[in-house]
Amino acid sequence: MRYQYTQKRAFSEVSRIGVLPVLIVGAGPVGLVLSILLTKLGVKCAVLEKSKTFSKHPQAHFINNRSMEVFRKLDGLAEEIQKSQPPVDLWRKFIYCTSLFGSVLGSVDHMQPQDFEQVVSPISVAHFSQYKLTALLLKQLENLSFHVHNWEGGEGLNHGHLRERQILMGHECVSMDATDNCINVTASFLKEGKYRERNLQCRILVGADGAGSTVRKLAGITMKGEEDMQKLVSIHFLSKELGHYLLNERPGMLFFIFNTEAIGILVAHDLNQREFVLQTPFYPPQQSPQDFSPEVCEKLIFKLVGRELLDIDVIDIKPWVMHAEVAEKYLSCDHRIILAGDAAHRFPPAGGFGMNTGIQDAHNLAWKLASFVNGISPSSILHTYDEERRPIAIFNTELSIQNFRAAMAIAIFNTELSIQNFRAAMAVPATLGLNPTVANSVHQAITKVHQAITNGIGSILPSGLQRAVLDGIFTIGRAQLSEYLLNEKNPIGSLRLAKLRRIFEEGKSLRLQFPAEDLGFRYLKGALVPDSDCAQDALEAPTGHLRDYIPTGAPGSRLPHMNVRQRLSNLTSEEIWSTLDLVSGDKIEFLLIIAPVKESYQLAHAALKVADEFKVSAKVCVMWPSNTHTGGAEMSSAAGGALIPDESYVDVVEMEMEMEAKKSSKSWSWWWDICKMTDKGAILVRPDEHIAWRAAKTGIVGDPILEMQRVFSAILGVKTSSTHTYMKDEVNA
């Protein structure tokens, strides 16, 4: 890739001659979510997708709390997912067995009563296949006047310029050429049997084009971590017979199956619709994806099911490679080429961090792109995307690997959150006497011997013989799972089964939910103002053990959830909100949360004034304690200088949780306790619902105007309110 710098031209002038502000490459969930968020924030964007059609392969399926919270702001998307997903009782368990019709070795229920009580989040997790999510996202985009154009159509183009709100299918980004004015993108497409090219121009290019990202490769960004950990085949199939049996006898989300004939992991995407995906490893060059024909896959499925299925329908067979890697950087070319989702990080699937981390990348990036494009911030605000999201990806990589190893520990494997998840997944197979490390080592040894001979006197180990040797060794390994050995009467089998029970009882097998990591992740530096009275701490390393989410008001953290009601005069409305609902999803708006205290009202006036100077919206939320009905009038009169109710101001009253109310007669604020602050403090929340700044205990010392100028300057990357001229000059450069 070459960068050619020419004379600068103003952003608005470039836009007028057809340069799109933001071009997103990749129409997976991350690219589609980003396009929705940007459009709602008023940023013109379009999408390129190299595939001619949207995949029907289920792929990712678990949506964690934080992603569902993001979806709550997308015009009913979260509610649509909840309505369309299978009933939770059909997917709350992971089941370990010798076959789907055979003996159950153990099961783990991953849903607890508190998961449905909206204590730490206003919404629960979901089990919903990726292709179904894609369909709902496309429906959202259609409502925003987006148009999907087929791979041969040119309707989205006007004299070579791509219009906003277009999704061009069958268009692959094949080259990029950056100048000071724009990024020239060449897209290849097939028309009338011939490959043709289109030249498109954009101001910002976002690569959300998956694990094999072309944008990442063209930008020369390398991945760091553990690559090629395992090669697998994903087999998508339907069976009403199997679905009916599991729905009635053995409902679950994941089935870990170990027997003498085969080993695999079955994902029950929807038992009502009888839709499944089987994941099984393969070992090239002795094995190849071509070995997995539909007939071979059917036989493999039957071995794992424990009987033949009369109505099996193999839909799709896809090979894929498991990696645990994070891009060395998320931005290139003066912050104008940006990576998001799998293009920026590749995790083992254990724990479901891949798609969820990508969706949260988009949520973090959208308001920053909008701030830059709209002339609010200089391009340096985009650097905070890398500062904030990349450490989270590194952490989630380790956790995913640990989780995978935990799942296989029922067989042994030996990289941080995804790596720990990987380890957890390995615990069960290890306990049963299987050792994936040995399997991989044997495979590598056979391959090295073959390569040495080939490089010497020529190959004397035919591929068929190599495959037979590998299959023979694997057969010997799977013999550990025979009913003769694996039973309570056999001393070895009895010990292994006892150890297996301990793994389940102690929570050391693969987990579904990660409360501390899903909701408690925190940005330590970036578009925020760290607490001045505490040292800059580091992210706590993942342990592989279940950790509860602990709410906090610390800068960089997600705003804690609490149910509140709006306070109108001395009355309280019946409508219940989450504190997260107080943050707008449709504009770049900051939220200041205060208590009804005189000094805090003064701070609120200052925040609204300074926000206006910085050309951003701001809203003030006054958090009244739950006992307002007895002390509200006195507090209101004592506050002095009350704000005039309008769209920039809202009064809300805390709602005590019923259990807490029974345990305590306390009369002060639950909210400030949750945030580990006093009601003399204040919290400033960013458009992505993360806390940007707080006055933790004693409020503001000194001039609140100066403090708010300092805070907004730090968050938005503008040195002082008087430097807006400089900032606009950079955007227009």
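Now for a quick tour of the structure. Remember, it's a predicted structure, so these values are computed and weren't measured experimentally.

Following the sequence through the fold, K680 ends up in the loop between helix 20 (670-674) and strand 29 (682-685). For the pair K680 and G699, spaced 19 residues apart in the sequence, the C-alpha separation amounts to 5.2 Å. Among all residues touching K680, those that are not within four sequence positions of it are V597, S600, K697, T698 and G699.

The subject of this paragraph is the pattern of salt bridges. Under the counting rule described, the total for this entry stands at 25 salt bridges. The closest approach of N and O atoms between E80 and K83, which form a salt bridge, is 3.5 Å. Placement of both E80 and K83 in helix 4 (residues 77-84) is noted, with a separation of three residues, approximately one turn of the helix. A relative accessible area of 63% places K83 in the exposed class. Salt-bridge contacts for R389 lead to D361; the nearest nitrogen and oxygen are separated by 2.7 Å. Of this pair, R389 sits in helix 10 (residues 380-407) while D361 is found in helix 9 (residues 353-373), placing the two residues 28 residues apart along the sequence.

Our next topic: the sheet that holds strand 16 (residues 254-258). On the basis of which strands lie adjacent, the open sheet formed by eight strands has the order 6-5-16-17-18-15-19-22 and mixed pairing. The strands lining the two open edges of the sheet, one partner per strand, are strand 6 (104-109) and strand 22 (345-346). One ladder, built from five bridges, connects strand 16 with strand 17 (residues 263-270); its direction is antiparallel. The residue of strand 17 that forms the bridge with I257 is G264. Contacting strand 5 (93-97) and strand 6, helix 15 (residues 491-505) runs over the sheet at an angle of about 10 degrees to strand 6.

A word on the nonpolar core. Counting residues in hydrophobic clusters, the biggest one holds 119 residues, and the most contacted among them are F71, I81, V206, W693, F712 and L716. For this core, the element with the highest residue contribution is helix 9, accounting for 11 residues. Excluding residues within four positions of it along the chain, L716 makes contact with W367, I376, S377, P378, I381, F590, F614 and V616. Listed in part, the 29 residues of the second largest apolar core include L242, L300, I301 and F302.

Contact pair helix 2 (residues 29-40) / helix 5 (residues 130-143): the axes reach a minimum separation of 10 Å and the direction vectors enclose 20 degrees. As far as their axial angle goes, helix 5 and helix 2 are roughly parallel. Regarding helix 2 and helix 5, the two cross each other, and that crossing is left-handed. Here P29, L32, V33, S35 and I36 of helix 2 come into contact with helix 5, specifically with Q130, L133, T134, L137, L138, Q140 and L141. When its residues are assigned to classes, the contact of helix 2 with helix 5 shows eight nonpolar, four polar and no charged.

With phi around 50 degrees, D75 is a residue other than glycine that occupies positive phi space. Looking at where D75 falls in the secondary structure, it is placed in the loop between helix 3 (65-72) and helix 4. For S145, which is not glycine, the phi torsion reads 70 degrees and is therefore positive. Note that S145 resides in the loop between helix 5 and strand 8 (147-149). Using a relative accessible area of 43% as the deciding quantity, one classes S145 as partly exposed.

Cut-offs applied
Residues numbered from 1 in each chain as written. Predicted model: local features only at pLDDT ≥ 70, side-chain atom pairs only at ≥ 80, totals over all residues. Heavy atoms only, no water. Helix = DSSP H or I, 4+ residues; strand = E, 2+ residues; numbered from the N terminus. Contact = heavy atoms within 4.5 Å. Salt bridge = Lys/Arg side-chain N within 4 Å of Asp/Glu carboxyl O. Buried < 20%, exposed > 50% of the residue type's maximum accessible area, 1.4 Å probe, protein only. Pairing = 2+ DSSP bridges. Axes fitted to C-alpha atoms, helices over the stretch in contact; angles between N-to-C directions. Core = buried A, V, L, I, M, F, W, Y, C linked by side-chain atoms within 4.5 Å. Parallel < 35°, antiparallel > 145°, perpendicular 65-115°, else oblique. Left-handed = near helix turned anticlockwise from the far one by under 90°. Nonpolar A, V, L, I, M, F, W, Y, C, P; charged D, E, K, R; others polar.

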